[in-house]
Amino acid sequence: MTHEPIADDLGKRRDRTYAYLRLWGIDTDLTVLPIVRAPSIIRSAPAVCGRATASSLVALKGQGLSLAEVFAFADAYEVWGELTVEEHDFVLEKEAAPEQLVHFAWKFEQAFVFEWALGLVAHLRFPDAGVDTGRVMEQLMTRVLTVDAGDRPQVRSAKELADAGDIAFALQAIAAASGSEPPLGMVRSVIEERATAFDWLLTSPG
């Protein structure tokens, strides 16, 4: 997606991002970092719930879920229509390559962002370790998959999404410029998966 600045709010947005990164001990020139346009139409709660569920399924497959278990989960929670083509092909793979398994296992990081976007997670913590996958699944099962549609959580405001996206893309840019190892013990896969999740969240549907 294109990260386009909003001219009349550019300074304030950069200041907020800078202040947040400073809390983590990151001091960098933010004039070169991307600022995203807040979407005029945000993703619906059912759409975000769907992406959280799909991301969790492919991550579970990456961690060793069997094909029979994939079918049981996908059928029970009607996930098939939420999967991308790449995800669909992967979950139906009988013997995925080891690098594929590792790649998709990191998708729990996207599910974590989607749960944050739904207000199920208070903060997106410093990206120096992977998420607690058990906690991600607990939130998904108890707050999304086993509740009536009308009781499911709602999506955060466009401003909240855009501010958090600024930080995610700033960290991605910092990691990309850092060479082999991101600073302060940050995990590159966590950073990249978060940025991918915000790419989707901040792309207006339709």
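Given the structure is predicted, the values throughout are model-derived calculations rather than measurements. (Residues numbered from 1 in each chain as written. Predicted model: local features only at pLDDT ≥ 70, side-chain atom pairs only at ≥ 80, totals over all residues. Heavy atoms only, no water.)

**Considering the nonpolar core**
Burial of nonpolar side chains together is a common tendency in soluble globular proteins.
Here is step 1: One finds Leu57, Phe73, Trp116 and Phe198 to be the most contacted residues of the largest nonpolar core, which totals 47 residues.
Here is step 2: Those elements that place two or more of their residues in this core are α2 (45-62), α3 (67-76), α4 (85-91), α6 (108-117), α7 (133-145), α8 (158-176) and α9 (188-201).
Here is step 3: Here this core takes nine residues from α2, the largest share from any one element.
Here is step 4: If we ignore the near neighbours within four places in the chain, the residues touching Trp116 are Val121, Ala122, His123, Leu124, Arg156, Glu160, Leu161, Ala164 and Phe198.
Here is step 5: Grouped together as the second largest cluster of nonpolar side chains are 11 residues, Trp24, Leu171, Ile174 and Ala175 included. (Core = buried A, V, L, I, M, F, W, Y, C linked by side-chain atoms within 4.5 Å. Buried < 20%, exposed > 50% of the residue type's maximum accessible area, 1.4 Å probe, protein only. Helix = DSSP H or I, 4+ residues; strand = E, 2+ residues; numbered from the N terminus. Contact = heavy atoms within 4.5 Å.)

**Some thoughts on the pattern of salt bridges**
Here is step 1: Inspection of every chain in the model, using the stated rule, returns seven salt bridges.
Here is step 2: Close ionic contact of Glu193 with Lys107 constitutes a salt bridge, the shortest N to O distance being 3.1 Å. Residue Glu193 is located in helix α9, and its partner Lys107 is located in the loop between α5 (98-105) and α6; the two are separated by 86 residues in the primary sequence.
Here is step 3: According to the relative accessible area criterion, Lys107 is buried, its value standing at 11%. (Salt bridge = Lys/Arg side-chain N within 4 Å of Asp/Glu carboxyl O.)

**Some details on the confidence of the model for the chain**
Here is step 1: Taken over all residues, the pLDDT of the chain has a mean of 90, while the share at 70 or more is 90%.
Here is step 2: Of all the helices and strands in the chain, helix α1 (residues 10-23) carries the lowest mean pLDDT, 83, while α6 carries the highest, 98.
Here is step 3: The model gives residues 1-8 a pLDDT under 50, and that stretch makes 20 contacts with residues more than four places away or in other chains. (pLDDT = per-residue confidence, 0-100.)

**Some details on the environment of Thr196**
Here is step 1: Its location among the elements puts Thr196 in helix α9.
Here is step 2: Considered as a pair, Thr196 and Val113 are 83 residues apart in the sequence and their alpha carbons are 9.7 Å apart.

**A few points about a negative patch on the surface**
Here is step 1: A cluster of acidic residues, Glu86, Asp89, Glu93 and Glu95, forms a negative patch at the surface.
Here is step 2: Within the secondary structure, Glu95 is located in the loop between α4 and α5. (Patch = residues over 30% accessible without salt bridge, like charges linked within 9 Å, V, L, I, M, F, W, Y side chains within 5 Å. Areas by Shrake-Rupley, 256 points an atom, 1.4 Å probe, with all protein chains shown as cover. Lys, Arg positive; Asp, Glu negative; His and termini not counted. Charge placed at Lys NZ, Arg CZ, Asp CG, Glu CD.)

**Re unusual backbone geometry**
Here is step 1: Positive phi outside glycine occurs at Glu78, with the angle close to 50°.
Here is step 2: Along the chain, the position of Glu78 falls in the loop between α3 and α4.
Here is step 3: Residue Leu184 is not a glycine yet carries a positive backbone phi of 60°.
Here is step 4: Looking at where Leu184 falls in the secondary structure, it is placed in the loop between α8 and α9.
Here is step 5: You can call Leu184 partly exposed: its relative accessible area is 47%.

**Details of α7**
For an α-helix, the turn length of 3.6 residues means that residues three or four places apart are oriented alike.
Here is step 1: Of all the residues in α7, the buried ones are Val136, Met137, Gln139, Leu140, Val144 and Leu145. Within α7, the buried residues cover an arc of 160° as seen down the axis, which keeps them to one side.
Here is step 2: The N-cap of α7, judged by a side-chain oxygen 3.1 Å from the amide nitrogen of Gly134 a few residues on, is Asp132. (Arc of directions from axis to C-beta. Polar contact = N/O pair within 3.5 Å; in protein donor to acceptor, adjacent residues only side chain to side chain.)

**Thoughts on the environment of His103**
Here is step 1: As for its placement among the helices and strands, His103 is situated in helix α5.
Here is step 2: Given the relative accessible area of 35%, His103 is considered partly exposed.
Here is step 3: For the pair His103 and Leu60, spaced 43 residues apart in sequence, the C-alpha separation works out to 12 Å.
Here is step 4: Not counting residues up to four positions away in its chain, the partners in contact with His103 are Glu86 and Glu193.

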